[in-house]
Each structure stands twice: as structure tokens, then as C-alpha cells.
Amino acid sequence: MFKLLRFLKGLALVCAIGAPLLMVIEVLMDLQQPTLMSQIVDIGIRNGDLRYVLTTGLKMLGCALIGLIGGAGCTVLSSVAAIRMSRDMRAALFARIQTFSFRELDRFKTSSLITRLTNDVTQVQNMMMMAMRMLVRAPVTCIGGIVMAISISPRLSLILALAMPILLIAMFFIITRSFPLFRVVQNKIDRMNDVTRENLLGIRVTKAFVCEDRQRERFNASNEDLMNTVMRASRISVILWPIINIVINACIIAVFWFGGRMVIGGELEIGKIMAFISYITQILASLMMSVMFIMFFTRAKVSADRINEVFDTNTSIYDVPNAESVSGTDLEFRNVSFRYSDTAEYTLRDLNFTIPAGESVGIIGATGSGKSSLVSLIPRLYDPSEGEILLGGKDLRQLKLHDIRAHIGMVLQESILFSGKVSDIFHFGQDDLTEVEMEKAASDAQALDFIREKENGFDSAVEQRGRNFSGGQKQRLSIGRTLARNPSILILDDATSAVDLATEAKLQRAIKAREGTCTLIIIAQRISAVMGLDRVFVIDNGQLVDAGTHRELMARCEIYRSIAASQLGEEAAIHV
Amino acid sequence: MSEEPKREERTEERPSGRPRGPMGGMMMGKPEKLKDFKGTLRRVLGYVVAKKFLIIGVFILSLASAVISIVATRLNGTIVDDFIETGDLPGLARILLILGGVHLFSAAASYLQNFLMITVSQTTSATLRRDLFTKVLKLPLKFFDTRSSGDIMSRMTNDIDSISTTISQSLPQFFSGIITVLGTLVAMFLLSPMLTLVALLLMPLMFITTKAIVGKTQPHFKRQAKELGQLNGYIEERISGQKIVTLFGREAQVQAEFAEINDRLTKTSTMAQALSGTMGPLNNMINHFNYLVICVVGAVLFISPNFTISFGDIFAFTLYMRNFGRPINEMLNLFNMIQHSLAGAERVFDTMNEPPETDAPGSIALTDVRGEVDARDVCFSYVEGNPVLKNATFHVDQGQTFAIVGPTGAGKTTIISLLTRFYDLDSGTLTIDGHNILYVTRDSLRRSIGMVLQDTYLFSESVMENIRYGRPAATDEEVQHAAELANAHNFIMQLEEGYDTILTDNGGNLSQGQRQLLAIARALLAEPQILILDEATSSIDTRTELAAQKAMLTLMKGRTSFIIAHRLSTIRNADCILVIRDGEIVERGTHGQLIDARGFYYDLYESQFKTGMAI
């Protein structure tokens, strides 16, 4: 929690210091009021002294006005401080996530990163705003109340000396009991949200298999579980209020009794009893405030911990000092092995190959054989666990990340499009893209036709996640986005699975016909998508089994032949 | 691959853009105009009133607490006047004992009231959540097409949460507020009608300032909500697409865009918070002013010989005066809070009001399905005026394998979505064994059809449970057998805990192909009479597919099967191939017939084998 205070800086810091000071003013003024009020009644009204009532009353109003300035000022300053702090915190958090490599993104789930950036930051902001008001107000009111009480009558104040420890013990006892429960509540809420989200996303499965009842039971179980936990936690925590009430009211009765005797004995004016009681009430209010503050604090602490977890995570992939620029695009894998974590099995084993600039290579292999992992090493989305990858003769780890990614274009299996206009998608690839270049990229990606069919062409809107485009269209837009960058190495990771065969063929032809020497690496399920390439790599179980042309592989590679046979059928195999 | 835009939204939970004050009592701007304030309120109250006895209990207890606090305040006056002033110690002791008893009773009552209120609010929100969820399950797919899951999630959590907070805070406060105000008024009136009149005349002051401030802050809060929504939307989109940002090296630009939205929000919310924060101190000030006026008037009355008012009465009156403003202030805040949560309630009820999937009256349950499917002049459009399927007519005999082929967007997936009644056709008829599917219960229809969807979903349960979705009553052995048939057994055994491995994030720890194998196992377990394979093997590598296909062949034997595939090789053995293009059936026949016809199918087929060479 306190680590996050570093985001209080500049104006926010000034405000954060100013707010409590103004709050002190408000509290000090508030503390004057009971005395003044009792004086008005005690002296003014009792003696029928209208002048006294008025002058004291004006004093009271004056205090209230200063209090108002202090209170409102504190609110304004604390808002400024907390909101600016949360702005900076959010920006820093967002920036930190931007540095994450795929490894860190895999570790935090997307949804959890989003919650951290939104809900958790808001929680901390609310907490800060409250802290700036309460952290001063509660103790100052409490101590001020005690001081004023003592100044009225030290003897009566002994009552408080007895009551305070009792209250503190009760507070401690109940808080330590109920707060762990609230943490459990948070987990149960997460659990219920999970079940709900799954059901929204998997509604087709549920409907297809008529599993509504089953899902309802799953939901009800977690719903009831949540309800019971909340009730248990709340029931314990609300015991605190009547306890505080009883203790405070006991104090008031004691004040009446002892104070009353003192008044009768002529040691005390009756109005002072009233003032004393007012101070006790203020002390009560400050205690309740503290309890509430502690409740908020624990909740915000969970959020702060989650935020800090992100800040404490360092990216595993970054530029070394004096990183070099990319100077060539020949690609070489030297003894490369890879696994996703130190304890996991190896996904790739001892890969050795070179792909000279301009060559086109297909990669084919069974599900889970490591094809995607292999290509994700090329733009340095992950670093190899062993061995090295050379680009233009230099180890990838010695090159500027930004430069590597400028040279290597990769289209992922899942097409991710951001909302905006169609032209924005292409500009995301390359800022200074001319109209002609954009159309060329779109046309090569076989996207131009359907873009033109849209009412506003390149100015047509793209909805969130591109949901107003079909799967095949989204894939082609993704490819166009990458083509717009004119990459030296283009990697298609099963990026045309939703595109029909004729279109896919046209797309490949167009890419090959593009100017310049572009290395092309295509992962595909369909053998027809790779059989025309210069070479095909056959990957099995993380190893490179064979590499060669379609003809060569048909002649000598058993795995390749079986894939071909299953897809093309006997006749096609013979046909070749 | 499905040709329509993907229906399933991978939207994660989106935290609502609504601002929340740190405390319930904090002023909030008025929400957007409610469509039907009374109706929504009545419906929420309907949920609350269902707990009749609890509510009556809460009411009685609030009444008791309020009366006690009024009595206690009155006792304070009496204590001063009758006992301390007169020096009656035994009397003082007696009355203090009574006071103590009263407070003890009050504490017990308030605890009990809290206890009941927790039960009321928690059971109410649990009921609301249950009802909403149950309803959502019944809604047609059309509903999910048009709404992001984040939006529905936000109704389930944020909106219901705000309703329950409001109920638990507002009900007792409302009860006790009204009683306190009325009771205090009566007590004040008994003490001095004149002073009471003055106090009443002072009241509008607070209403006016509250109204003025709320009016000023309202637009700011509205803008804040909007901008927070924008910021959250941006965050959600970019973070979900972070991998693309990384790949394209666009970190700097994205950060700049983010900073702009972030700054805009900062300005607006500072305005909103700062303005609304002045409300408390201002009302405090007004309270003091009112108090002073009462004192002055009180002093005048005390001096004036025409009025007889005791000192103790004035003393008590000033005490009441201090307690008078507080509940009114609270109730003003409360009204705001209620408006906020009613806006949320309206969103919840909107969803609950959506028309569910219902069976036509007199629908029969399909039993012992043979699997004869007939379509006559079927037309359908997702969006009016944009037909996806035009006059489709075909017939599938029992046990036939029926393939649907065509380019992306031709309407292949639509045909089977109509067959399972995920959507209802616009015109024409679809029958199974001669029964029009519109007059068959949905459950029995779907039970007789087994589906392997291109875009399957796995729940965060064990592998075992996920397969069991096919047939909830299946034994572990049957599940394992289905997995073996689908060729999924081997990879499942390689998972850390085999069949007990808990899947996360839609099977994020599995490859696309492995997920599809599980989906196939699911369908195998269901043992349906009609089988639908929608691009079921598109992501399975062909070697695994070979094995999976063998399993599917056994499964298909004797069953009517619909197959949708890009890869023509997988459908060559179908009894009938339907070729569709732009929503129209252009050709039909067996593979051999279609090849001989040298039509559209022939072109598709040729392109598949020639392309490889042509590059």
C-alpha cells in the first residue's frame, strides 16, 4: 500500500499535504461548537441576555464559516490529490504492462490485468481520498474531544479513561475476526463471476447439450456460497456498532450521575454537562469513522497488493545496453531448445536450420508439435531456453527489439482487431501509409473486395474485436495490417484457417508477387497451403524431422506422406 | 469455419463505468433519466416484500430505535430540569437506571435490525442474481449476438450489488429517518409550537442548497461516467490485444492515446468530486445557522413575559434541533442513492424482460428419432433485408451423411443453426421425422442432435466434467471410453492430473486441436441420433484427424450426419453433398456426380489441389 505513495508527486503531493491541514482547521472549528452552543444556552438564554446570545452566536457562525472553508477546501484538495495520483498510477501500470513480453502476459490473465487497471486503481483512489480526510479527522477529533473534555472537568474525564480501553479491545476483537472473512468473500465473488462469464461465453455449448439445469445448479451453488459467506462476515462485523453504542451511552449516564452530583454540589455548571456529552458523542463518531476506515483500508489493500504485483513483475525480454540494429535477414537456429517454464517439458528440442533471406518455408506437423512455439521465437516473443537464434548473423538478444519487430511481421492464429475505422487497422501497421500503399496491402491480403463492398469503404467502422466482420474477413484484415509494414520476414501462423482455399491460393500468390525479397514462413494444417513453397519443414514432437520440397518429402518422409494421403487422397498423391 | 461474424464474444468482465463514492453517504450525481421510476421501484420492492416477516421485523425494530432515541433525548431534558436543577439525587439515580435500560434495549434492537437487514439484502440480491442468471440461460442466441458479455456481467455484479447496498442502507434509514423526523417534530411541538414553527421555516434552506449542488454536479458526474466508460473500454481492448501491440512495436503510440483519455477523465472527475464534496460542509454550516436562529428566538421567548417556556424546555429543544437536521440530510442523500441503484435495477429488469426461448403451445417432445430431415423453402436473415439463406430445400434420409460445402459466408453454418433452433427461420418449414421443428420442444430437439462446433467452449471444470457435458448422467468409464474413441485419451493422460485436470480460461492450457478433440468426445458421449460436425476438424492436424475421423465414422454409422468442411477430402464419401453459394443451393449430388458435372464444386475441388502447384 505505502509503496504506491510514490505516485503522490507534484501538485498531487502539495494537495495531499494541504488537505489534512485544512481538515485540521475544520476539526478545530467543530470542536469549538459544543462549548459555544452550551454557552449560548447556559449564559445567554438563562440570563435572558440577548446580546450575549447574538455575539456568541456570531462567533459560532464565524467558526462554522472557517470550518466550511477548511472542510470544502480539504475535499477539493484531497480530490485533486487522489485523482491525480490514480491517473499517474494508472498510466504507470499501463506502461508497465506495455513492456511485458508474452511470457508475462501469459502469466497474468488478460481479464485480471484489466481489473487491476480499472477496479483496483479506483479502489485505491477512493481509499486515498478517504484517508486524507479521515486519517486526520478521526484522531484529531478523538484527541481534541478528550482534551476538551478534560478541560471541562478532569474528574468527569476519568469516565473516558475507563471506557476507551474497553472500546479498543472490542474493536480489535471483532475486526480481527471479521476481516479474514471479507477476504474470503472477495474470492467467492471472483468464483461466481467466473461461472457467470463462462456461461455467457459458452452459451452455445450449454444450449446444444441442453445443460441449462446443470449450469443453473453450478451457479446456484456458488451464489448461495457467496451469500452465506457475506452474511456470516457481516453479522460478525455489525456486533461492533451496538457495543460502541452501549459503551458510549453508559459514559453519558455516568456523566449525568457524577456530573449531576457535581452540579448539585455547585462544582459544575449544568451547561457544561451538555458540552461534555457533546464531546463524548464526537469521540464516538471518530471511533466509528476509524472502524469504517479500517474496513476500507483492508479492501483497498487487496487492490494495492494486486497493483504492486504488476509493478514488481519485470519483463523477461528487453534491450541490452548498446543493442545493435538489424543488418540482414538471413535466419539461423543454432541448437535451439525451448520450454515455457523451468519445470515444463521441452516444447522444442535442439533445432538447427537456416532460412536464407527470400526463401519461402512451410511448417507442418501435428497439433501440439511445437510449430507456433517455433515461430514465436523469431520475433523474440520468447527467448530460447538453450541455443541461439541469429538474424543477419547476430544473436537476436543483441539486437534492438523495436528493430526486430519492424523487420518481422507475424500474423497470429487468433485475429485481434481494434475498434475504429478500417483504415485505422492498416495504419496500425504503418503510420505514414499512403492511400495507394493501403489499397495495395488490402488487395494483396484479398481484403479489398469486401472492404469496397462496405458502405464507407476504408472509412467503415470496425466494432470491438471486429465483430462486424466474419472470421475469414478478420484474418485477411490482420494479414493486410502486417503487409502494410512491408516486413522482411512474414510469418503466418495458421492465419488463413477461416479463409476458403481459392482465396488462400490467391493470397499466397499475391504475397509472393510483392516487391523486394521477403522471407515467407507459413504454418498450416492444409498441405495444399505449403506444398508450393521452396521448402517444407516437418515438425514432430518439438523436433525438426525433415525439410525439403514437396516432391522430396513425398519421396522420403513417412510422416509427410501420411499427411498428404489423408488430405489429398491417393489419386492426388499419385497425381503429383 | 463459421461464415457469420463470430457470435461468441470473448469479452471479459468489464467493470462498470459508474462512479462510486467511497461512502454510501457521499453525494452522487443523478443518473440518467429513469424510464419508469415507479414501476422499477415497485418491482425491486416486490423482491424485498417477499421476505414479509423480516421486513415487518425491521420496521418494528426501526420504529422502536427511533422512538427510543426520541425518548432518550427527552429524558436528557427531564434529567437536567427535574433532577439536577432540583438536586433530587435519588430521583436522578432512578431515571438514569431507566435511561440505561432504554439504551440497552435500543442497542439490542439495533443489532437485531442489522441482523435482519443483512439477511434481507443478501437473500434479495442472491435471488436477483439467481433469477437473472436463470433468465439469461433461457434467452435466444440473438440476445448474445447484440450484447457484450462484459455488459451482462456488469448487470450481474455491479448493478445487483448496488441494489443490495441500497436496500440494506436505505430501508432502515428510511424507516428511522421518517420516524425520527416525525417524532422529533411532535416532541418539539409539545415543547414549543412557536420554536417548532421557526424550525420548520428554516428547513427549505437545506433543500435548496442540496438541490443547487446536485444540479451543478450532475452533468459532471454524467461526463465522468461516460469518460470512465471510454477509458475502461480502451483498456479492455488494448490489453486483450496486447500481443498485437507488442508484435507491432506500438507501445509508445498506445501509451500516448491512453494518456489522453486518462487526462480527460482526471479533469472531469476532479470537478465532479470537488463540487459534490462541498455539500457536507455546507450543510453543516446551515445546521449551525439554524441552531443559532432557534437559540435567538428561544432567548427572546425566554425573556418575553408573554411566553412561559422553561429553561429545560429550551435546553431539550436545542438538543432536538441538533438531531433534526441529520436525518433530513441523510434522507436527501438517500434519495440520490436510490435513484442510482434504480437505474441499475432497470438494467437488470430490462434483461429479465427479454423474451425467452419458449416452446409453442402443444409442442411435442421428440422421442426415438430416426433422423429424417426435410427442409422446404427455408429463408432466413440475421438482419432484416439481408437474407443469408434463400429458399433452401433439401431432404436427408435416415442414416445418410450429408455434407454442406461452399465458400466463406455462403450460409453453411446458418443451416445447422436453424436445425438446432439457435435461430428460428423466417419462412418455410424444417421437419425432423415429419415433425415441424417449430412445434417440437427445444430440449428434446437439441437432445437428439449432437454438435461439434468449430468454436467450442470448455468450462473451468475438470476434463472429466467437461466431456460429461455431453451426457450429464454418464459414468466415469463411459466418459473415458468416449475420450478414447475421440483419440483424446492419450493427451489427457499426459496432462498433469489426467482426467481430473482443471481447465482454465476456456481450456487456455490446451491447444486448439486438443480442445476440439474434447468437443468431439463430448458429442460422442451424447450418442445423438443426428450428428453435426461444423468444421470439427479444422484445427486438428491431419494425422490426429485421421484417427478422430475413424472414431467419427463409427459414430456416424446409422446416424444422420451433417458435415461442414473446407477440406473437400473429408466429405468425399458423403451420401449427398449440398453446394451453396450466397445463401442459395447451386448444386447437389455425390462427389462423383458433382465432379462429372464440372460445375462450381468441380472448381472448388480443383482449386484445392491445383493451388499448391500453381504458386
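This one's a predicted model, so the numbers in the text were calculated from it and none came from an experiment.

**A few points about the packing of helix α2 (residues 52-84) of chain B against helix α3 (residues 89-138) of chain B**
What describes two packed helices is the angle between their axes and the distance between those same axes. All names here are of chain B. At a minimum axis distance of 9 Å, the contact between α2 and α3 shows a crossing angle of 160°. With respect to α3, the axis of α2 lies roughly antiparallel. Read as a crossing pair, α2 and α3 show a hand that is left-handed. Its residues placed into classes, the contact of α2 with α3 shows 22 nonpolar, 11 polar and no charged.

**A look at the confidence of the model for chain A**
On average, residues of chain A carry a pLDDT of 85, and 97% of them reach 70 or more. Confidence drops under a pLDDT of 50 for residues 570-576 of chain A, and excluding neighbours within four residues, the segment shows nine contacts in the predicted structure.

**Regarding the domain arrangement of chain A**
All names here are of chain A. Split by domain assignment, chain A resolves into domain 1 (2-311) and domain 2 (331-575). Taking only C-alpha atoms into account, the centre of domain 1 sits 56 Å from that of domain 2. Opposite the four residues of domain 1 that make contact, domain 2 presents seven residues. Summing both partners gives a buried area of about 450 Å² for domain 1 against domain 2, and 51% of it is carried by carbon and sulfur. Three residues, F102, R103 and D106, lead the burial of domain 1 against domain 2; their summed loss comes to 93% of the area buried on that side. On inspection of domain 1 and its partner domain 2, the count reaches zero salt bridges. Inspection of the domain 1/domain 2 interface yields one residue pair in polar contact (both at pLDDT 80 or more). By residue class, the composition of the side of domain 1 that touches domain 2 is one nonpolar, one polar and two charged.

**Side note on the nonpolar core**
If you look at the biggest cluster of nonpolar residues, it comprises 190 residues, and the most contacted ones within it are F256 and F333 of chain A. Residue contributions to this core peak at 20 residues, all from helix α9 (residues 270-311) of chain A. Shared between two domains, this core holds at least three residues of each, these being domain 1 (2-311) and domain 2 (331-575) of chain A. Not counting chain neighbours up to four residues away, the residues in contact with F256 of chain A comprise R261, I273 and I277 of chain A together with N76, I79, V80, I84, L92, L96 and L99 of chain B. Formed by 89 residues, the second largest nonpolar core is a distinct cluster that contains L181 of chain A together with F422, I532 and I580 of chain B.

**Examining helix α2 (residues 50-99) of chain A**
Think of an α-helix as turning once every 3.6 residues; residues three or four places apart then point the same way. Given a rise of 1.5 Å per residue, 50 residues ought to cover 74 Å, and the 72 Å separating the end C-alpha atoms of α2 of chain A matches this to within 8%. Backbone nitrogen of R51 of chain A and a side-chain oxygen of the N-cap are separated by 3.2 Å at the start of α2 of chain A; the cap is D49 of chain A.

**Details of the sheet that holds strand β2 (residues 389-396) of chain B**
All names here are of chain B. The strand order β2-β1-β4-β5 describes an open sheet built from four strands, whose pairing is antiparallel. Strands with a single pairing partner mark the edges of an open sheet, and in this sheet they are β2 and β5 (435-436). Bridge count between strand β4 (residues 427-432) and β5: two bridges; the pairing is antiparallel. Its bridge partner being in β5, T431 is matched across the sheet by N436.

**Concerning the pattern of salt bridges**
Inspection of the entire model under this criterion finds 43 salt bridges over all chains. Residue E309 of chain A pairs with R116 of chain A through a salt bridge whose shortest N-O separation is 3.0 Å. Taken together, the residues span a long stretch of sequence, with E309 of chain A in helix α9 and R116 of chain A in helix α4 (residues 110-152) at a distance of 193 residues. Residue class for E309 of chain A comes out partly exposed when judged on its relative accessible area of 34%. In this structure R116 of chain A comes out as buried when scored by relative accessible area, which is 7%. Residue R514 of chain A pairs with D444 of chain A through a salt bridge whose shortest N-O separation is 2.6 Å. With R514 of chain A in the loop between α16 (501-513) and β10 (519-523) and D444 of chain A in helix α13 (residues 435-444), the pair connects residues that are 70 residues apart, well separated along the chain. Each of E198, R214 and R218 of chain A together with E461, E465, R468 and D476 of chain B takes part in one network of salt bridges that share partners.

**Describing the interface of chain B and chain A**
Taken residue by residue, the interface counts 163 residues in chain B and 160 residues in chain A. Across the chain B/chain A interface, buried area totals approximately 15300 Å², and carbon plus sulfur atoms make up 68% of it. The interface formed by chain B and chain A holds six salt bridges in total. A salt bridge links D263 of chain B to R87 of chain A; the shortest N-O distance between them is 3.5 Å. Between the two partners, chain B and chain A, sit 24 residue pairs in polar contact (both at pLDDT 80 or more). Top contributing element to the side of chain B that touches chain A by residue count: α3 of chain B, with 25 residues.

**Some details on the packing of helix α8 (residues 240-264) of chain A against α9 of chain A**
Residue and element names in this part refer to chain A. Relative to each other, α8 and α9 sit at 165°, their axes nearing to 10 Å. As summarised for this structure, α8 and α9 are arranged roughly antiparallel, according to the angle between their axes. Remark: the crossing between α8 and α9 carries right-handed chirality. Together, L240, W241, I244, I248, C251, I252, V255, F256, G259, G260 and V263 of α8 and I270, I273, F276, I277, I280, L284, M288 and V291 of α9 make up the contact between the two elements. Grouping the amino acids of the contact of α8 with α9 by side-chain chemistry returns 17 nonpolar, two polar and no charged.

**What to know about the environment of L348 of chain A**
All names here are of chain A. Looking at the element boundaries, L348 is found in strand β2 (residues 348-355). Exposure remark for L348: the relative accessible area of 0% places this residue in the buried category. Sequence separation between L348 and G145 is 203 residues; the distance between their C-alpha atoms is 71 Å. Apart from the residues lying within four places of it in its own chain, the contact partners of L348 are V336, S337, F338, G370, S373, L374, L377 and G542.

The rules behind the values
- Residues numbered from 1 in each chain as written.
- Chains lettered and ligands numbered in written order.
- Predicted model: local features only at pLDDT ≥ 70, side-chain atom pairs only at ≥ 80, totals over all residues.
- Heavy atoms only, no water.
- Axes fitted to C-alpha atoms, helices over the stretch in contact; angles between N-to-C directions.
- Helix = DSSP H or I, 4+ residues; strand = E, 2+ residues; numbered from the N terminus.
- Parallel < 35°, antiparallel > 145°, perpendicular 65-115°, else oblique.
- Left-handed = near helix turned anticlockwise from the far one by under 90°.
- Nonpolar A, V, L, I, M, F, W, Y, C, P; charged D, E, K, R; others polar.
- pLDDT = per-residue confidence, 0-100.
- Contact = heavy atoms within 4.5 Å.
- Domains from an automatic or database assignment.
- Buried area = accessible area lost by both parts, 1.4 Å probe.
- Salt bridge = Lys/Arg side-chain N within 4 Å of Asp/Glu carboxyl O.
- Polar contact = N/O pair within 3.5 Å; in protein donor to acceptor, adjacent residues only side chain to side chain.
- Core = buried A, V, L, I, M, F, W, Y, C linked by side-chain atoms within 4.5 Å.
- Buried < 20%, exposed > 50% of the residue type's maximum accessible area, 1.4 Å probe, protein only.
- Expected span 1.5 Å × (residues − 1).
- Pairing = 2+ DSSP bridges.

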